[in-house]
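In case you want the letters, here they are:
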Amino acid sequence: MAGVGERSNLPCVHQSYHSVVDGFEAAPLVSRSALPPIVYGCIATVTLGICVVVATATPQQVQHFTASVGASQRVASTLMRMPGSDLASTVTNTATARQQLPGARVSRIPAGLQLDIDMTGNMVPSWTSFPGIALGSLLALAGLAMAVYRSIGRVQKVALAAATGAKALPAGNHTRLAPPPRRNITRCANANADGEMEHPKYCESYVESRRRPTHTVWIGKVPVGSEHPLALQTMTTTNTRDVEATVTQCKKVADAGADIVRITVQGMKEAEACMEIKNKLVADGYDIPLVADIHFAPKVALKVAEAVDKIRVNPGNFMDGAKKFDDDKIYTDEEYEAELEAIEELFTPLVLKCKELGRAIRIGTNHGSLSARTLARYGDTADGMVESAFEFARICRKLDFHNFVFSMKASNPLVMVQAYRLLAARMYEEGWTYPLHLGVTEAGEGEDGRMKSAIGIGALLLDGLGDTIRVSLTEDPDLEIKPCKILAGIGQDSVKEAKGVPDFGEDRQWRNFGRREADLPAQREGDVLDYRSLLHRDGSVLAAITAEELAAEPALYSALGCKTAVGMPFKDIATVDSVLLDKAPTDEAALKVLRRLQEAGLGVFIPLEELQANPVPNAVALMTMSQAGGGAPELPEGCQRFAVTADGTETAEQVSALKGSLADLVLFRPSPDLSYTHVGRRFFEYLRRDDIRIPVIFAKSFEGVTKEELVLQAGSQIGSLLVDGMGEGVMLQNPGGSAANLNELRLISFGQLQGCRMRNTKTEFVSCPSCGRTLFDLQEVTAQIAEKTGHLPGVAIAVMGCIVNGPGEMADADFGYVGTVPGKIDLYVGREVVKKGIPMESATDELIELIKEYGRWVDPEPAEEELVAEAV
């Protein structure tokens with residue numbers, strides 16, 4: 001099974017690809033998109049063949065001639081050879097044929113086709129019918145050509161639709177997109193169903209964190225590269241023309257610890273303002289480097305290079321401009337090369353100017369804004385992202401300019417991680433040493449935004465990738481710096497400590513990006529409880545509870561995410577799947593609470609020693625591997641199931657002993673002294689070698705941390721394994737609840753699973769972090785939309801302040817809310833705008849109606865007091 005970003009020399013639209021982005025699968029492109037045109041083409045081909053055969057038929061070939069003409073008229077004539085010159089006449093219709101040829105079986109003869117009977121009695125086409133035959137041949141040939149053209153065009157459209165997880169629906173002569181219900185899958189973008197792929201080196205080491213060696217790129221006074229600390233970045237949200245406001249925000253982020261700040265520059269007036277901004281900052285004693293964010297405007301880039309320290313260019317729109325995603329164009333090699341030459345001509349002056357002035361460049365590819373040319377050749381894939389950046393990098397290298405960095409941003413952490421890995425692998429192949437700027441674009445706000453950023457950025461930092469980072473949040477820019485510092489600390493500490501593990505011969509298929517296949521608990525003969533609900537098929541959340549929490553019954557149910565009716569708990573969409581207790585309760589009240597949880601479908605895990613001393617009916621015994629041995633160990637009274645624990649120090653032989661075990665899961669909780677990422681990789685490699693399919697739950701305890709640190713550490717360390725498809729769930733602990741209580745830990749855990757595209761329990765929001773282009777209060781509007789639509793698991797909504805990177809910037813969303821002009825909103829389905837110029841006052845309600853129109857809306861569940869009333 002192949003995966004994200006496999007490099008191919010052929011356009012992906014001409015191959016049978018599974019195209020998947022955002023963790024969701026579309027059907028193979030060719031077989032799904034081209035079927036109707038192929039049918040039409042076959043009909044046209046058959047018709048053309050009939051005309052040619054009839055026009056060139058010999059007397060022998062005419063006999064028993066059978067043909068189909070049109071959709072509703074069948075012509076079948078079996079002609080006999082009849083001697084006699086008296087038959088030298090013309091048969092012009094069916095009745096005449098039956099009169100003159102009584103021995104022949106004659107079906108309908110189409111009007112306009114004459115059959116002559118020659119002197120030997122053989123019936124051949126009349127010369128007078130040839131013009132009609134010729135005309136029919138030409139029409140059939142034209143139909144065939146049109147079918148082929150439509151087939152190619154639809155393949156391309158559906159390639160784009162599939163890359164966003166959308167359906168392609170016929171709409172006249174065009175294809176409109178409709179988002180389908182999302183499905184978790186085991187492949188990611190551009191996963192070719194055939195053949196195994198090689199998995200080249202993408203990092204310095206897979207057994208410990210080691211920085212990828214790079215040369216130094218200077219951005220003003222700030223050095224960026226492997227020999228220097230990670231540089232922290234953010235971006236202003238002010239109108240760039242408002243010089244005073246922008247200067248004030250630059251000072252604020254610099255005081256918060258930012259090393260570099262980016263400013264949006266959409267036109268010449270903004271470019272001129274940048275000179276004023278730079279001068280005022282220097283005059284006030286601030287030498288923080290400025291980066292100009294450029295889209296669509298090569299001339300503006302040339303101008304602003306005089307004022308700033310770095311230029312960010314987007315390969316997807318530096319030359320191409322805004323894209324039309326219904327474009328059917330397929331690029332020939334000659335056309336493709338011609339555009340590359342045009343890009344070189346346009347980009348070269350900027351490179352030469354930056355080289356002359358000592359400026360830096362960031363070649364910043366965005367997953368959602370690839371050029372039409374790149375999409376036509378590679379699809380919306382990691383391959384396309386990397387190649388798009390390499391096209392610009394080759395121009396820089398040709399001009400002997402090396403003061404540039406790369407970035408591969410996406411709002412989907414899984415796609416982002418795959419793109420950066422592929423980029424690093426390609427640079428290893430080429431011998432390039434350019435630094436990397438890391439970021440998950442449009443991550444959102446709050447815990448969700450931090451979690452998605454930690455999953456993407458943290459996973460790469462723990463592999464030693466990344467030299468400068470930005471956490472893109474829908475919050476004020478200075479609030480991005482603290483999570484930046486925490487993530488940078490996680491990456492740098494991991495490299496410094498170099499914990500790692502000895503070489504274990506890893507064979508991780510990082511380019512395949514497949515979820516590990518595990519056997520979930522199944523019901524067995526003699527079970528007195530339904531154990532199938534111990535875990536969830538899309539990813540499980542376990543919660544560790546204490547005796548004190550067990551005593552507060554109503555509060556416990558709420559913290560576990562249970563709904564209640566007349567005091568009895570039952571599962572909701574975000575209820576934990578199982579609970580774990582370190583001590584077995586003995587009092588009847590606590591046992592009653594556990595019994596109610598079990599009846600609601602929650603599993604109860606308790607250590608073996610505790611159950612031996614104080615049995616708890618139907619609890620799952622938690623034991624070490626040595627206690628479990630192989631097969632089914634002896635269990636305490638009232639206990640029918642067991643699970644095992646692992647601490648990451650197990651040898652291959654010890655893990656192999658799990659082969660054939662009846663354990664329902666492995667609780668993986670390494671010591672804090674070990675590198676969670678690397679002992680985890682080793683453990684799963686041992687499981688893979690023996691095809692051990694027991695589910696694994698990642699457990700981690702956090703002490704002495706803040707809630708923000710807990711989110712970012714869990715996202716980085718556990719996320720670094722989940723993004724490779726390892727693990728079937730999480731259990732987070734914070735003894736004492738100093739950073740997060742039981743309910744908060746539950747929400748963080750579900751957020752982690754959703755961020756890793758495993759289990760959706762709420763609406764997914766893709767919201768940009770705002771900048772000078774934003775046309776409304778992004779934070780306020782996002783909060784309003786989330787309040788009304790946050791109960792739609794499996795639905796992704798993009799809230800975009802502008803459409804600078806094109807509709808593709810919402811590649812991971814089903815529906816889009818996009819600012820176009822002040823006070824007006826456009827609504828999107830996938831990448832297609834379906835409603836334009838809606839007043840902001842009614843735009844949220846219109847969005848809800850759009851979601852309903854496409855069958856993705858469900859009404860919010862009734863409040864708990866309503867459920868109580870119904871139960872009474």
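Refer to the structure above for everything that follows.
Starting afresh in each chain, residues are numbered from 1 along the sequence in its written order. The model is predicted, so local features are restricted to residues of pLDDT at least 70 and side-chain atom pairs to those at 80 or more, both for listing and for counting; the totals for chains, interfaces and linings are taken over all residues. Side-chain descriptors were evaluated using all non-hydrogen atoms of the structure, hydrogens and water having been removed beforehand.

Student: Looking at this model, I keep getting lost on the environment of Lys329. Mind explaining?
Tutor: The secondary structure listing takes helices from DSSP runs of H or I that are at least 4 residues long and strands from runs of E that are at least 2 residues long, numbered from the N terminus. Turning to its location among the elements, Lys329 is positioned in the loop between strand E18 (310-313) and helix H9 (333-357). Remark: the alpha-carbon pair of Lys329 and Ala372, spanning 43 residues in sequence, is separated by 8.5 Å.

Student: Any chance you could explain helix H24 (residues 742-755) here in plain terms?
Tutor: Residues lying three or four places apart along an α-helix face the same way, a consequence of the helix completing one turn every 3.6 residues. For H24, with 14 residues, the first-to-last C-alpha span of 20 Å sits near the 20 Å given by 1.5 Å per residue. Counting buried positions over the 14 residues of H24 gives 11, a clear majority of the element. Summary of the burial criterion: residues with accessible area below 20% of their type's maximum are buried, those above 50% are exposed, and those between are partly exposed, where the area comes from a 1.4 Å probe applied to protein chains only. Listing the buried residues of H24 in full gives Leu742, Leu745, Arg746, Ile748, Ser749, Phe750, Gly751, Gln752, Leu753, Gln754 and Gly755. Any N or O atom pair separated by 3.5 Å or less is treated as a polar contact, with the protein-specific requirement of one donor-capable and one acceptor-capable atom, and with residues adjacent in sequence counted only for side-chain atom pairs. Two to three positions downstream of the cap, the backbone nitrogen of Asn743 sits 3.2 Å from a side-chain oxygen, assigning the N-cap of H24 to Asn741. Backbone geometry just after H24 places Arg757 at a positive phi near 60°. The span you would expect from a helix comes to 1.5 Å times its residue count less one.

Student: Which parts of the structure should I look at to understand the packing of helix H6 (residues 243-256) against helix H7 (residues 268-283)?
Tutor: When two helices pack together, their arrangement is captured by the angle between the axes and the distance separating the axes. The interhelical angle for the contact between H6 and H7, taken along N-to-C directions, is 50°, at an axis separation of 10 Å. Classed by the angle they form, the pair H6 and H7 counts as oblique. The crossing of H6 and H7 is right-handed. Together, Val243, Glu244, Thr246, Val247, Cys250 and Lys251 of H6 and Ala273, Glu276, Ile277, Lys280 and Leu281 of H7 make up the contact between the two elements. Counted by class, the contact of H6 with H7 contains six nonpolar, one polar and four charged residues. Simply put, an axis is a line fit to the C-alpha atoms, just over the touching stretch for a helix, and the angle between two N-to-C directions goes from 0 to 180 degrees. These descriptions rest on fixed angle ranges, namely under 35 degrees for roughly parallel, over 145 for roughly antiparallel, 65 to 115 for roughly perpendicular, and the rest for oblique. Note on convention: near helix rotated counterclockwise from far helix by under a right angle means a left-handed crossing. Clockwise means right-handed. Pairs of residues are marked as contacts when any of their non-hydrogen atoms sit within 4.5 Å. All amino acids are sorted into three groups, where Ala, Val, Leu, Ile, Met, Phe, Trp, Tyr, Cys and Pro are nonpolar, Asp, Glu, Lys and Arg are charged, and the leftover types, Gly among them, are polar.

Student: Is there a simple way to think about the pattern of salt bridges in this case?
Tutor: Side-chain pairing between opposite charges can occur once the charged atoms of the two side chains come close. Criterion for a salt bridge: a side-chain nitrogen of Lys or Arg within 4 Å of a carboxyl oxygen of Asp or Glu. Under the criterion given, the structure shown has 50 salt bridges. Note that Lys707 is salt-bridged to Glu447, the shortest N-O span being 2.6 Å. You can see Lys707 sitting in helix H22 (residues 707-717) and its partner Glu447 sitting in helix H13 (residues 446-462), a full 260 residues away along the chain. Taking the relative accessible area as the measure of exposure, Lys707 reaches 26% and is therefore partly exposed. Residue Glu497 is joined to Lys499 by a salt bridge in which the shortest nitrogen-to-oxygen separation is 3.4 Å. Its relative accessible area of 37% is what places Lys499 among the partly exposed residues. Overlapping salt bridges, with partners in common, bring together Arg421, Asp463, Glu506, Arg508, Arg681 and Asp724 in one network.

Student: Sorry if this is basic, but what is going on with the packing of aromatic side chains here?
Tutor: Two descriptors summarise a pair of aromatic rings, namely the distance from one centre to the other and the angle between the planes of the rings. To pair, rings of Phe, Tyr and Trp, with the six-membered ring standing in for Trp, must have centres within 6.5 Å; the planes then decide the type, stacked if under 30 degrees apart, edge-to-face if over 60, and tilted in the middle. For the structure on display, the rule yields 19 aromatic pairs. Ring geometry for Phe404 versus Tyr434: centroids 4.0 Å apart, planes at 20°, classification stacked. Here Phe404 is found in strand E20 (residues 404-409), whereas its partner Tyr434 is found in the loop between helix H12 (413-430) and strand E21 (437-438), with 30 residues between them in sequence. Each residue in the set Phe390, Phe404, Phe406, Trp432 and Tyr434 is aromatic and connected to the rest through ring pairs, giving one cluster. Stacked on the ring of Phe702, the Lys or Arg Lys700 has its end atom at 5.5 Å from the ring centre. Whether a charge sits over a ring comes down to the Lys NZ or Arg CZ being within 6 Å of the ring centre and within 35 degrees of the ring normal.

Student: So what exactly am I meant to see when it comes to the pairing of strand E15 (residues 231-235) here?
Tutor: In regular strands, side chains alternate between the two faces of the sheet. When you tally the buried positions in E15, you get five out of five residues, the bulk of the element. Of the two faces of E15, both are covered, the one formed by Ala231, Gln233 and Met235 as well as the one formed by Leu232 and Thr234. Whether two strands pair comes down to DSSP finding at least two bridges between them. Summarising the sheet, E15 and strand E22 (residues 468-469) pair through two bridges and their orientation is parallel. Paired with Leu232 across the strands is Ile469, a residue of E22. Sheet analysis places E15 next to strand E16 (residues 260-264), joined by three bridges and oriented parallel. Directly across from Met235, in E16, lies its bridge partner Arg262. Taken together, E15, H6 and E16 constitute a β-α-β crossover, and its handedness is right-handed. A clockwise course of the path from the first strand over the helix to the second, judged with the strands pointing away from the viewer, identifies a crossover as right-handed.

Student: How should I be thinking about unusual backbone geometry in this particular structure?
Tutor: A positive phi is found at Asp400, a non-glycine position, where the angle reads about 60°. Following the sequence through the fold, Asp400 ends up in the loop between helix H11 (382-398) and E20. Phi is positive for Asp691, close to 50°, though the residue is something other than glycine. Take Asp691: it is sitting in the loop between helix H21 (676-689) and strand E31 (696-701).

Student: Could you clarify how one ought to interpret the nonpolar core in this entry?
Tutor: The nonpolar side chains of soluble globular proteins are, as a tendency, buried together. Among the nonpolar cores identified, the biggest contains 166 residues, and Ile311, Phe347, Phe406, Leu560 and Phe683 are the most heavily contacted of them. Broken down by element, this core gets its largest block of residues, 11 residues, from H12. Apart from the residues within four sequence positions on either side, Leu560 is in contact with Ala543, Ile545, Ala574, Thr575, Val576, Val579, Leu597, Leu602, Leu742 and Arg746. Here, nonpolar core means buried Ala, Val, Leu, Ile, Met, Phe, Trp, Tyr and Cys residues that are tied together by side-chain atoms lying within 4.5 Å of each other.

Student: What exactly am I supposed to notice about the side chain of Thr234 here?
Tutor: In this structure, Thr234 sits in strand E15. What makes Thr234 buried here is its relative accessible area of 1%. Reaching out from Thr234, the side chain makes a polar contact with the backbone oxygen of Pro477 at a distance of 3.4 Å.

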